[in-house]
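Geometric and topological summary
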Amino acid sequence: MEFIEPFAGGGIVSLTVAFEQLAHHVTIAELDADVAAVWLTMLSPEAEWLANQIAAFDFSPDTVNYILSQRNISTKEKAFQTILKNRINRGGILAPGAGKIKLGEHGMGLKSRWYPETLKKRILDIMSIRQKISFIPGDGMEVLLHNVSRTDAVFFIDPPYSDAGKKAGKRLYKHWEINHEQIFDIASRLKGNFLMTYDNTEEVRQRAHRYGFAVEAVAMKNAHHAPMTELLIKNNA
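Residues numbered from 1 in each chain as written. Predicted model: local features only at pLDDT ≥ 70, side-chain atom pairs only at ≥ 80, totals over all residues. Heavy atoms only, no water.

Moving on: the overall build of the chain. What the chain contains, in helices and strands, is 10 helices and seven strands. For the chain, the residues scored as buried account for 43% of the 237 residues in total. Within the chain, contacts between residues at least 6 apart in sequence are counted, and of these 64% link residues at least 24 apart. Accessible surface computed for the chain: about 12,600 Å², of which carbon and sulfur atoms make up 52%. (Helix = DSSP H or I, 4+ residues; strand = E, 2+ residues; numbered from the N terminus. Buried < 20%, exposed > 50% of the residue type's maximum accessible area, 1.4 Å probe, protein only. Contact = heavy atoms within 4.5 Å. Areas by Shrake-Rupley, 256 points an atom, 1.4 Å probe, with all protein chains shown as cover.)

With that settled, the discussion passes to the packing of helix H4 (residues 61-69) against helix H5 (residues 75-88). The contact between H4 and H5 brings their axes to 9 Å, and the two run at 130°. Relative to H5, the element H4 is oriented oblique. Pair H4 / H5 crosses with left-handed handedness. Packed against H4, whose contacting residues are Val64, Ile67 and Leu68, the element H5 presents Phe80, Gln81, Leu84, Lys85 and Ile88 at the interface. (Axes fitted to C-alpha atoms, helices over the stretch in contact; angles between N-to-C directions. Parallel < 35°, antiparallel > 145°, perpendicular 65-115°, else oblique. Left-handed = near helix turned anticlockwise from the far one by under 90°.)

What follows concerns the packing of helix H9 (residues 180-189) against helix H10 (residues 202-210). The description of two packed helices rests on the angle between their axes and on the distance between the axes. H10 packs onto H9 with a crossing angle of 30° between their chain directions and a minimal axis gap of 10 Å. Considering their axes alone, H9 and H10 lie roughly parallel with respect to each other. When you trace H9 past H10, the crossing you get is right-handed. Residue-level contacts link His180, Glu181 and Phe184 of H9 to Val204, Arg207, Ala208 and Arg210 of H10. Considering only residue class, the contact of H9 with H10 consists of three nonpolar, one polar and three charged. (Nonpolar A, V, L, I, M, F, W, Y, C, P; charged D, E, K, R; others polar.)

Another point: the pattern of salt bridges. Summed over all chains, the structure comprises 10 salt bridges. A salt bridge links Asp34 to Lys78, with the shortest nitrogen-to-oxygen separation between them at 3.6 Å. Taken together, the residues Asp34 in helix H2 (residues 33-42) and Lys78 in helix H5 connect sequence positions 44 residues apart. Among the salt bridges present, the one from Glu203 reaches Arg207, with a minimum N-O distance of 3.6 Å. Of this pair, Glu203 and Arg207 both sit in helix H10, separated by four residues, roughly a single helical turn. (Salt bridge = Lys/Arg side-chain N within 4 Å of Asp/Glu carboxyl O.)

We now examine helix H1 (residues 12-19). Taken together, the buried positions of H1 are occupied by Ser14, Leu15, Val17 and Ala18. Seen from one end, H1 has its buried residues packed into an arc of 160°, which puts them on one side. Among the structural elements, strand S1 (2-5), strand S2 (25-29), H2, helix H6 (116-128) and strand S3 (133-136) are those in contact with the buried residues of H1. Directly beyond the C-terminal end of H1, a positive phi value near 55° is found at Gln21. (Arc of directions from axis to C-beta.)

A separate point is the pairing of strand S5 (residues 194-199). Across the six residues of S5, five count as buried, placing the element largely inside the fold. Pairing of strand S4 (residues 153-157) with S5, which is carried by three bridges, proceeds in the parallel orientation. Among the inter-strand pairings, Phe155 is bridged to a residue of S5, identified as Phe194. (Pairing = 2+ DSSP bridges.)

What follows is about the nonpolar core. Among the nonpolar cores identified, the biggest contains 38 residues, and Leu84 and Trp114 are the most heavily contacted of them. For this core, the elements supplying multiple residues, two or more each, are H1, S2, H2, helix H3 (47-56), H4, H5, H6 and S3. Beyond its immediate sequence surroundings of up to four residues, Trp114 is in contact with Ile54, Phe57, Phe59, Phe80, Ile83, Leu84, Arg87 and Leu119. Ranked by size, the runner-up nonpolar core spans 23 residues in total, among them Leu144, Ile157, Leu190 and Phe194. (Core = buried A, V, L, I, M, F, W, Y, C linked by side-chain atoms within 4.5 Å.)

Take the pairing of S3 next. Across the two faces of S3 the burial differs, with Ile133 and Phe135 buried and Ser134 and Ile136 not buried at all. Pairing between S2 and S3: four bridges, direction parallel. For Thr27, the partnering residue across the bridge sits in S3 and is Ser134.

This paragraph deals with the environment of Phe155. Relative to the helices and strands, Phe155 is located in strand S4. Relative accessible area serves as the criterion here: at 3%, Phe155 is assigned to the buried category. For Phe155 and Glu2, which are 153 residues apart along the polypeptide, the C-alpha to C-alpha distance reads 8.5 Å.

This is how it looks when you write it as structure tokens:
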């Protein structure tokens, strides 16, 4: 069985499936070029360079600004730049306009989420299982359509939340505009089982009902640790 995640982002679900050997193979896709650079690097021999670059980085406001100001750089350098940006921005947000950490965890400021040895180990761990993971730098919709007839695949669909007037996606993601009706339509045609996650809104519930999907609300917390609920939507009611 192949596990497919078309809107990967950080891909924590796919990585868990790969590490725990819950599928024979994992395929992930991501449209954001910066995030794609991280995946392409981690799943290549250049992962060792990236891990060592993080461990050796002389972290300071000046060195951070220098790295973030670089343009026309290689894929592995873009990966390092993206990881740095993720660690110093509030909530790890990569979208344009995201603000940097000020006070930070335990009052440590900009450096409060920079754990170089932990990051290095994580990258090398991912590199060690790279033969189990395929990465597609492209549109998740196309990935779904390409695999719509497969009965030997399962899908985890976690698109940017920009539906029903909720514009968190615009704040969190570079590529936040997405046709949610099309996602549901494609999901209804998938031969393999899927699990989708969405904002818990009446509009999403009604759409899921129209397509005959099963829906369950689950408790979670947002980036500010406020309790909220999210919808899990599946085709095997």
